[in-house]
Amino acid sequence: AYKQLACAALLAAADVSGGVDTVVPNLTSLVPDFSVTPLLFDSEFKTRATLIAFNAIYSRGVRAVVGAAKSSLAEPLAQLGSVYAIPLVSYWASSASLSNTQLYPYFGRTYVEDSFTVEALLQVYPDAAAEPVPGGDDIPLKLAAALYSPSEEATLLICPHVYAR
C-alpha cells in the first residue's frame, strides 16, 4: 500500500512543480512560481525511525510534512511541528487528541477522527450498539473503531521540501 501512496505523492509534487492544472483546477493561479521537492522516508511504524526521519528532513530545511500514518507517530511529529512551526498533514491519524489545536496548531488531517467514524458506523448499523464485542467486552464501539483503523502496511513518512522558485 505504501508504494501507491509514494507514487501519488510524487505525482502530486510533479504537478505542483510543473504547474499542471489537471487534478487541481487553477493550480497555477493558486500557487504561481512554486516548486515541491519530495523527500521520502519510511517510518517503519516506529517512533524512533519517525523521529530520525524528522531530524533528517528538518536539517535539510523542510517546510511541510505529509505523514505519519499512525496517530501514535503523528503525535510526536505534531509536537515537533508546533515547536518548529512546520505544518504537518496526516493521511490516516485518527486520534481525538490530535484535534487539540492549542497543542497541535500546525497539525491537520485528511482522515476523520475515530469518534466520527464510530458515529457514522452506528448511524448506518444502529444494531451494532447492542451487539457485544467478541471476547466478552461490553463496549461494541471498540470493535467499530478497530474496523476502520489504518492498514499496518502503510508505513511511509512523506516529507515534501518546499521551495519557492
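Novice: Teacher, can you tell me more about the pattern of salt bridges here?
Specialist: If charged atoms from side chains of opposite charge come close, those side chains can pair. Applying the stated criterion to the full structure yields 2 salt bridges. Where Glu-44 meets Lys-46, a salt bridge forms, and the shortest distance between an N and an O atom there is 4.0 Å. When its relative accessible area of 45% is taken as the criterion, Glu-44 is described as partly exposed. Residues Glu-113 and Arg-109 are paired through a salt bridge, measuring 3.9 Å at the closest nitrogen-oxygen approach. Accessibility expressed as a relative area gives 23% for Arg-109, which makes it partly exposed.

Novice: Can you walk me through the nonpolar core in this structure?
Specialist: Soluble globular proteins tend to pack their nonpolar side chains together in the buried interior. In terms of nonpolar packing, the biggest core is built from 19 residues, with Phe-54, Ile-57, Val-65, Ala-78, Leu-88, Leu-98 and Phe-107 touching the most fellow members. Looking at this core, the elements that each hand over two or more residues are helix H3 (47-59) and helix H4 (71-84). A total of 4 residues in this core trace back to one element, the largest contributor, which is H4. Among residues more than four places away in sequence, those in contact with Leu-98 are Ser-71, Ala-74, Glu-75, Ala-78, Ala-93, Tyr-104, Phe-107 and Arg-109.

Novice: Sorry, what's going on with the packing of H3 against H4 here?
Specialist: Between two packed helices, the angle of one axis relative to the other and the distance separating the axes together describe the packing. For the pair H3 and H4, the least separation of the axes is 9 Å and the interaxial angle reads 30 degrees. Comparing the axis directions of H3 and H4 gives the class roughly parallel. By crossing handedness, the relation of H3 to H4 is classed as right-handed. Contacts between H3 and H4 involve Thr-47, Thr-50, Leu-51, Phe-54 and Tyr-58 on the former and, on the latter, Leu-73, Pro-76, Leu-77, Leu-80 and Tyr-84. For the contact of H3 with H4, the residue count by class is 8 nonpolar, 2 polar and no charged.

Cut-offs applied
- Residues numbered from 1 in each chain as written.
- Predicted model: local features only at pLDDT ≥ 70, side-chain atom pairs only at ≥ 80, totals over all residues.
- Heavy atoms only, no water.
- Salt bridge = Lys/Arg side-chain N within 4 Å of Asp/Glu carboxyl O.
- Buried < 20%, exposed > 50% of the residue type's maximum accessible area, 1.4 Å probe, protein only.
- Core = buried A, V, L, I, M, F, W, Y, C linked by side-chain atoms within 4.5 Å.
- Helix = DSSP H or I, 4+ residues; strand = E, 2+ residues; numbered from the N terminus.
- Contact = heavy atoms within 4.5 Å.
- Axes fitted to C-alpha atoms, helices over the stretch in contact; angles between N-to-C directions.
- Parallel < 35°, antiparallel > 145°, perpendicular 65-115°, else oblique.
- Left-handed = near helix turned anticlockwise from the far one by under 90°.
- Nonpolar A, V, L, I, M, F, W, Y, C, P; charged D, E, K, R; others polar.

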